[in-house]
Amino acid sequence: MTNTFSSVLSSLVLAFILFVASSDATNKIVDISEICKTTVTPSFCSALLNSSPGGKDLVSLSQYIIDVDRANVTNTITLLKSLIPKSKDPKLTAHYKDCLDIYGEEGALGDVDDIQRAFKMKDYLGMNIHASALFDRGEDCISGEFPGQPGVHDPSLLPKYAFVVKQVTSIILVLSNDLRGA
Ligand SMILES: *[C@@H]1O[C@H](CO)[C@@H](O)[C@H](O)[C@H]1NC(C)=O
């Protein structure tokens, strides 16, 4: 009798603990393929989220992806700073300078700061808005084609680097939407 009572009691306690734990959905393990299916490149997204060293919950994955995005924006800036003095073609030099403005502190890097700040404050709408701004940047740096100059292409790694930023940012867009709904 006492045993039955205590086992009923312990299952109630367990049920309560599970209820409390699940009421904060931001700590729930996520379905990575579900998150990735609406991103720019689902296979890239899955590989990146699966390689994340921390927890596979919305909050841990978001912090990881923001850090990756910052690293990729920083790599893009470093690449541009090395391309500008080396470029012999004035049109390409001007293009790289334009892209440096787009990815620099006043542009993409500032967006990453804004995304990080909003995320820390649990302002997931703000996080989404800043990620949208970042997502929309750099189309010309990605295409590497020069408007009005048919046949002129950027031969550097810039289009690849800039596209990585877009792919990573599209993951932040989905994560921030899920955090809002969580
Ligand atoms: C993007 O960042 C990740 C994580 O730091 C790194 O592994 C990857 O090489 C970076 N790619 C580019 C193009 O910067």
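Before reading on, note that the structure itself is shown above.
What this report covers is the structure whose coordinates are included nearby. What you are looking at is a predicted structure, and each value in this text was computed from that prediction instead of being measured. (Residues numbered from 1 in each chain as written. Predicted model: local features only at pLDDT ≥ 70, side-chain atom pairs only at ≥ 80, totals over all residues. Heavy atoms only, no water.)

1. Topic: the layout of surface pockets
Short version of the rule: Note on definitions: the grid is 1 Å and covers protein atoms alone; a cavity is a set of points where a 1.4 Å probe fits but cannot get out; a pocket is an open set with protein on both sides within 12 Å along at least five of seven lines; lining residues have an atom within 4 Å of a point. Grid points are joined across faces, edges and corners, and a volume is the space filled by probe spheres set on the points. Runs of E in the DSSP output that reach at least two residues are strands. Runs of H or I that reach at least four are helices, and both are numbered from the N terminus. Each residue gets one of three labels, nonpolar for Ala, Val, Leu, Ile, Met, Phe, Trp, Tyr, Cys and Pro, charged for Asp, Glu, Lys and Arg, and polar for the others, Gly among them.
Volume-wise, the largest pocket comes out at about 150 Å³. Along its surface, the largest pocket is lined by Thr26, Val59, Ser60, Gln63, Phe119, Lys120, Lys122 and Tyr124. The dominant element in the lining of the largest pocket, judged by the number of residues it contributes, is helix α4 (residues 58-86), at three residues. Considering only residue class, the lining of the largest pocket consists of three nonpolar, three polar and two charged.

2. With respect to the site of the ligand
The cut-off we apply is this: Here a residue is near a molecule or strand as soon as one of its heavy atoms is found within 4 Å of it. Any pair of nitrogen or oxygen atoms within 3.5 Å is treated as a polar contact; in protein, a donor-acceptor pairing is required on top of that, and neighbouring residues in sequence qualify only through side-chain atoms on both sides. Accessible surface is estimated by sampling points in the Shrake-Rupley manner with a 1.4 Å probe; for residues, cover comes only from the protein chains shown.
Around the ligand lies a shell formed by Val68, Ala71, Asn72, Asn75, Tyr161 and Val164. Contact distances for the ligand include 2.3 Å between an oxygen atom and a side-chain N or O atom of Asn72. Residue Asn75 places a side-chain N or O atom 2.7 Å away from an oxygen atom belonging to the ligand. With the chains in place, 55% of the 360 Å² that the ligand exposes on its own is no longer accessible. It is α4 that provides the largest number of residues to the shell around the ligand, a total of four residues. When the residues that make up the shell around the ligand are grouped by side-chain class, the tally is four nonpolar, two polar and no charged.

3. A look at the packing of aromatic side chains
To be explicit about the condition: The aromatic pairing rule takes the rings of Phe, Tyr and Trp, using the six-membered ring of Trp, and pairs them if the centres are within 6.5 Å, calling planes under 30 degrees apart stacked, those over 60 edge-to-face and the rest tilted. Two thresholds decide whether a charge sits over a ring: the Lys NZ or Arg CZ must be within 6 Å of the ring centre and within 35 degrees of the ring normal.
Across all of its chains, the model carries one aromatic pair by this definition. Ring centres of Phe119 and Tyr124 lie 6.5 Å apart, and the angle between their planes is 45°; on these two criteria the pair is classed as tilted. In this structure, Lys166 is placed above the aromatic ring of Phe135, and the distance from its NZ or CZ to the ring centre is 4.2 Å.

4. Quick look at a nonpolar patch on the surface
Put simply, the rule reads: Candidate patch residues must exceed 30% relative accessible area and have no salt bridge, after which like charges are joined if within 9 Å and Val, Leu, Ile, Met, Phe, Trp or Tyr side chains if within 5 Å. For this analysis, a salt bridge means a side-chain nitrogen from Lys or Arg found within 4 Å of a carboxyl oxygen belonging to Asp or Glu. Burial classes: relative accessible area under 20% of the type maximum marks a residue as buried, over 50% as exposed, and values in between as partly exposed (1.4 Å probe, protein chains only).
Residues Phe5, Leu9 and Val13 make up a contiguous nonpolar surface patch of about 300 Å² in total accessible area. Locating Phe5 in the fold gives a position in helix α1 (residues 2-23). Classification of Phe5 by relative accessible area gives exposed; the value is 56%.

5. As for the side chain of His95
Basically, it comes down to this: Note on definitions: a residue-residue contact is assigned when non-hydrogen atoms from the two residues lie within 4.5 Å.
Looking at the element boundaries, His95 is found in helix α5 (residues 90-103). Since its relative accessible area comes to 8%, His95 is described here as buried. Those residues in contact with His95 that lie beyond four places of it in its chain are Asp140, Cys141, Gly144, Phe146, Asp154 and Leu158.

6. Considerations on the packing of helix α6 (residues 108-120) against helix α7 (residues 124-135)
Note the threshold: For every element, the axis is a line fit to its C-alpha atoms; helices are fit only across the contacting stretch, and the angle between N-to-C directions ranges from 0 to 180 degrees. Orientation categories follow fixed angle ranges, with anything under 35 degrees roughly parallel, anything over 145 roughly antiparallel, 65 to 115 roughly perpendicular, and all other angles oblique. Take the far helix as the reference: if the near one is turned anticlockwise from it by less than a right angle, the crossing is left-handed, and if turned clockwise, right-handed.
Packing of α6 against α7 leaves a shortest axis separation of 8 Å and a crossing angle of 165°. Judged by the angle between their axes, α6 and α7 are roughly antiparallel. Viewed along their axes, α6 and α7 form a crossing whose handedness is left-handed. For the pair formed by α6 and α7, the contact residues are Ala108, Asp111, Val112, Asp114, Ile115, Ala118 and Phe119 on the first element and Tyr124, Gly126, Met127, His130, Ala131, Ala133 and Leu134 on the second.

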